[in-house]
Amino acid sequence: MKIFSKAWLCLVLGFISLPVHAMDNMPDDGLPDHIVGDIGAAVYGSNMHIGSEGAQSLVLPYAFFDYQRFFARIDEVGIKTFKMGYGYFEIIGKIALNSYKVKSPINGATINKSDPIPLGVGTYQETPIGGFFANAYHDFGKSNGALYELLYFAEVETFKKVVVYPEIGIERQSSQYANYYYGLSSGESNATGYSPYTAPATNNLLAGFMIEIPVVDNWYINLYGRRKWMGNGINNSPVMNKSFQDNVFAALAYRFK
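From a predicted model like this one, the values you see are computed outputs, not experimental measurements.

We now examine the overall build of the protein chain. Counting secondary structure elements, the protein chain contains 5 helices and 15 strands. Looking at the protein chain alone, contacts between residues at least 24 apart form 58% of all its contacts between residues at least 6 apart. Carbon and sulfur atoms form 62% of the exposed surface of the protein chain, whose accessible area is close to 12,600 Å².

A cluster of nonpolar side chains, contributed by Val215, Val216, Trp219, Ile221, Leu223 and Leu252, occupies part of the molecular surface with about 480 Å² of accessible area. Counting only elements with at least two residues in the nonpolar patch, the list comes to strand E13 (202-216) and strand E14 (219-229). Take the nonpolar patch: its biggest share by element is 3 residues, from E14. With respect to the element layout, valine 215 can be found in strand E13.

Here the focus is the environment of glycine 54. With respect to the helices, strands and loops of the structure, glycine 54 is situated in the loop between strand E1 (36-47) and strand E2 (56-67). Glycine 54 gets classed as partly exposed once you look at its relative accessible area, which sits at 40%. Residues glycine 54 and lysine 103 lie 49 residues apart in sequence; the distance between their C-alpha atoms is 9.9 Å.

Further remarks concern the packing of aromatic side chains. Scanning all chains against the criterion turns up 14 aromatic pairs. Taking the centre distance of 4.4 Å and the plane angle of 40 degrees together, the rings of tyrosine 100 and tyrosine 181 count as tilted. On the criterion of sequence distance, the pair formed by tyrosine 100 in the loop between strand E5 (87-94) and strand E6 (101-103) and tyrosine 181 in helix H3 (residues 175-182) is long-range, its members being 81 residues apart. Of the two residues, tyrosine 100 and tyrosine 181, both sit in the buried class. A connected cluster of aromatic rings, assembled from ring pairs, spans Tyr100, Tyr177, Tyr180, Tyr181 and Tyr182. Against the face of tyrosine 180 rests lysine 113, its NZ or CZ located 5.0 Å from the ring centre. The cationic tip of arginine 227 hangs over the ring face of phenylalanine 244; the distance from NZ or CZ to the ring centre is 3.7 Å.

We now examine the pairing of strand E9 (residues 130-139). Note that strand E8 (residues 118-127) and E9 share 10 bridges and pair antiparallel. Of the residues in E9, the one forming a bridge with tyrosine 124 is phenylalanine 133. The antiparallel hairpin formed by E8 and E9 contains 2 residues in its connecting segment. For E9 and strand E10 (residues 146-153), the ladder comprises 8 bridges, and the chain directions are antiparallel. Looking at E10, one finds that asparagine 135 is bridged to glutamate 149. As consecutive antiparallel partners, E9 and E10 are separated by 6 residues, and within that stretch asparagine 144 has a phi angle of approximately 55 degrees, a positive value.

It is worth spelling out the pairing of strand E3 (residues 70-73) at this point. In E3, alternate side chains face the same way, and those of Phe70 and Ala72 on one face and Phe71 and Arg73 on the other are all buried. As judged from the 4 bridges shared by E2 and E3, these two strands associate in the antiparallel manner. Within the sheet, the bridge partner assigned to tyrosine 67 lies in E3 and is phenylalanine 70. Between E2 and E3, which follow one another and run antiparallel, lie 2 residues, and glutamine 68 among them has a positive phi close to 50 degrees. In sequence, E3 turns back onto strand E4 (residues 76-84) through a hairpin of 2 residues, with isoleucine 74 there showing a positive phi of about 65 degrees.

So, about H3. Inspection of H3 places Tyr177, Ala178, Tyr180, Tyr181 and Tyr182 among the buried residues, and these make up the whole buried set. The buried residues of H3 occupy an angular sector of 165 degrees when the element is viewed end-on, so they sit on one face. Buried residues along H3 sit in contact with E9, E10, strand E12 (163-173), E13, helix H5 (232-235) and strand E15 (244-256).

Attention now goes to the pattern of salt bridges. Per the counting criterion, the structure on display carries 10 salt bridges. The salt bridge involving glutamate 212 is made with arginine 255; its shortest N-O contact spans 2.6 Å. Residue glutamate 212 is found in strand E13, and its partner arginine 255 is found in strand E15; the two are separated by 43 residues along the sequence. Accessibility expressed as a relative area gives 8% for glutamate 212, which makes it buried. Residue classification places arginine 255 among the buried residues on the basis of a relative accessible area of 17%. Between arginine 227 and aspartate 246 there is a salt bridge; the shortest N-O distance is 2.7 Å. A residue pair is termed long-range when its members are at least 10 positions apart, and arginine 227 in strand E14 and aspartate 246 in strand E15 qualify at 19 residues. With relative accessibility at 19%, the residue aspartate 246 sits in the buried group. A network of salt bridges, in which partner residues are shared, links Asp38, Glu212 and Arg255.

Parameters and conventions
Residues numbered from 1 in each chain as written. Predicted model: local features only at pLDDT ≥ 70, side-chain atom pairs only at ≥ 80, totals over all residues. Heavy atoms only, no water. Helix = DSSP H or I, 4+ residues; strand = E, 2+ residues; numbered from the N terminus. Contact = heavy atoms within 4.5 Å. Areas by Shrake-Rupley, 256 points an atom, 1.4 Å probe, with all protein chains shown as cover. Patch = residues over 30% accessible without salt bridge, like charges linked within 9 Å, V, L, I, M, F, W, Y side chains within 5 Å. Salt bridge = Lys/Arg side-chain N within 4 Å of Asp/Glu carboxyl O. Buried < 20%, exposed > 50% of the residue type's maximum accessible area, 1.4 Å probe, protein only. Phe/Tyr/Trp six-rings, centres within 6.5 Å; stacked < 30°, edge-to-face > 60°. Lys NZ or Arg CZ within 6 Å of the ring centre and 35° of its normal. Pairing = 2+ DSSP bridges. Arc of directions from axis to C-beta.

Below you can see the structure in the form of structure tokens.
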């Protein structure tokens, strides 16, 4: 429920930060006047490989749709502003689907890190050779750091209209962001038995894919998996027990056209 509340917080803050009167004067540029895209439910899973905690899972709504200037893209919600290239300049809130909970295998002590609240700007460019995402966020959570993403998705249609979307990308966490979630202060070190650690700014590589499977009429099953290989600044942290983190989900969604 905590993560679900943060999702709604990102949505509300996105609307609060929007200069609505300015949006009213912008041309629609062919934006849909009704919902276009997928809405359903999904089981989300992740393994952060932090401390001795195992995989996490939760059931939440699933959404990947556009409505006028508003959009939802699985773990992002936002507003499209002015036209830019193949897309728009966007105001974005990222929904935190991971829980940063460190449980020490040394003495069993647990440290709970507040979930991030990333809000920022970016763009989604849907080009003839695939989709490009470029986003920059400030974490309004306790890290007060910055998060940057550059992602690419291709689209490959296979047999019986099953579509595969390969993904590659890079993520950069500022020193404040990385240190809050993966560093250990002297007090946290004493409590858990880990050595103190200060995490620097870090680049993380990622790759994944989504499979879209038609079921019946406008219903689809979406399966997604992604692995993120953490940079040395995070991997050197004593709380990390593997050099990568995984995210998966399985969703059943109805497609509005």
